[in-house]
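Architecture and fold: a report
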Amino acid sequence: MKARGTHELLKVAFDASALKPRYNHHGIQVYTRNLLVALARVAQPQCMEIRPFLPQVEALATTAFAERPGFRPSHSSLMRFNRLWRYGGAAAAAFLDGADMMLNPNGASLPISILLPTVTVIHDLTPMVMPCFPRRIASLLRFLLMRSAKSSAAIITVSENSRRDIVRICGVPESKVHVVHEGYDRALFNCAPPEPDLIQQLRLRLGVSRPYILHHGAIQPRKNLPRLIAAYRRVLDRNPQLDIDLVIAGPLAWQHEETVNAAKADNTGRGKNDRGKVILTGALSDPDLSLLVRGASLEVIPSLYEGFSLPMVEAMACGIPTITANSSCLPEISGGVLHYFDPHSVED
């Protein structure tokens, strides 16, 4: 970037397209929303102005995103066209709006470096490390991530493991990639015991009649949930005195069919008097998810690959006993203080 005068205002565009309803209850929306709220709080009108491009959704007209000194939300008609926005429309809109640089919290979008420098957040390299999409979509995501990594002025990622992946696979200099860990919402995830009446009402609504083991997060192949279901049933078979449910909380993302079928098969295969059942709750509101996590007997994170794993951190923040796979960033982010297992082994 060019040198700036002492009193010159730095105008930072922010791509908030992940706030669209299609991303509800997904990690990228949680990350984008919380980051934007924090930036609005620290914006300094004397030296920096945050200019987020918000989706034109009435529900977003909240005080959190209201215009104020140093924070100037705007809209662009280009955002209606998802591909156009992702393939350079966001950068063009920011340039035409007079921004000096852009912050993009979603790595799978193309910066246009000749228009303005972009700082891109790349959470992980799932399409390269563990592709779980149809071939055409996987190829497109690999292309977008690779081009985004090479074209960005700087890259933020969320773990040292992801940083190593980006440097190794995308071939960018180490000095270009900076690790900034994610944060959790302390108002929601803490050691305060769940309110008895509220947790009882929630369990009744979800059909959870026993103490429960929990996994929360979007349901997709790299979460490794069919093996979790198999391990859960094996534990019950070997422990006749154990009566506990397995609750899997989160939206159905992509290629979720194997997990759904495994849950149905497990529940169908047990008799009326069998112990335990697998419960898929679907997407939950933040307050309900907070209650469910704080009321769990155990959280299990069996993921094959993660960039950070916010659900693991949320469970740890609630003081819930947590076990996790020994894969990717999970030992790093958890600080090595949990019990770890081989995510490929049901027995482990």
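Refer to the structure presented above.
A quick note: this is a predicted structure, and the numbers were derived from the prediction, not measured.

One open sheet holds the six strands; their spatial order is 2-1-3-4-5-6, and the pairing between them is parallel. Both outer strands of the open sheet, strand 2 (48-53) and strand 6 (177-179), are each paired with one neighbouring strand and no more. Neighbour-to-neighbour, the strand axes of the sheet open up by a mean angle of 20°, direction not taken into account. As judged from the three bridges shared by strand 4 (residues 118-121) and strand 5 (residues 154-157), these two strands associate in the parallel manner. Bridged to Val121 within strand 5 is Ile156.

In this section: unusual backbone geometry. Positive phi is not limited to glycine here, since Gln255 has a value of about 45°. Inspection of the secondary structure assignment puts Gln255 in the loop between strand 8 (245-249) and helix 8 (257-268). According to the relative accessible area criterion, Gln255 is partly exposed, its value standing at 39%. Although it is not a glycine, Ser309 sits at a positive phi angle of roughly 75°. By the element assignment, Ser309 lies in the loop between strand 10 (298-301) and helix 10 (310-317).

A volume near 420 Å³ is recorded for the second largest pocket. If you list the elements that add at least two residues to the lining of the second largest pocket, you get helix 7 (225-238), strand 10 and strand 12 (339-341). Among the residues forming the lining of the second largest pocket, the class breakdown is 14 nonpolar, three polar and six charged.

Thresholds, definitions, all that
- The numbering scheme is per chain: residues are counted from 1 as the chain's sequence reads.
- Since the coordinates come from a predicted model, pLDDT governs what is reported: local features require at least 70, and pairs of side-chain atoms require 80 or more to be given and counted, while whole-chain, interface and lining totals use all residues.
- Excluded from the side-chain calculation are hydrogens and water; included are all heavy atoms of the structure.
- We treat two strands as partners when DSSP finds at least two bridges between them.
- For helices the rule is a DSSP run of H or I covering at least 4 residues; for strands it is a run of E covering at least 2, with both sets numbered from the N terminus onward.
- Structural elements are reduced to axes, namely lines fitted to C-alpha atoms, with helices fitted over the stretch in contact, and the angle between N-to-C directions of any two is expressed from 0 to 180 degrees.
- Throughout this description, buried means an accessible area under 20% of the type-specific maximum (1.4 Å probe, protein chains only), exposed means over 50%, and partly exposed covers the range between.
- Buriedness for pockets is judged along seven lines, at least five of which must meet protein on both sides within 12 Å for an open set on the 1 Å grid over protein atoms alone, while cavities are sets there where a 1.4 Å probe fits but cannot get out, and lining residues have an atom within 4 Å of a point.
- Grid points are joined across faces, edges and corners, and a volume is the space filled by probe spheres set on the points.
- Ten residues, namely Ala, Val, Leu, Ile, Met, Phe, Trp, Tyr, Cys and Pro, are considered nonpolar, four, namely Asp, Glu, Lys and Arg, are considered charged, and the remaining ones, Gly among them, are considered polar.

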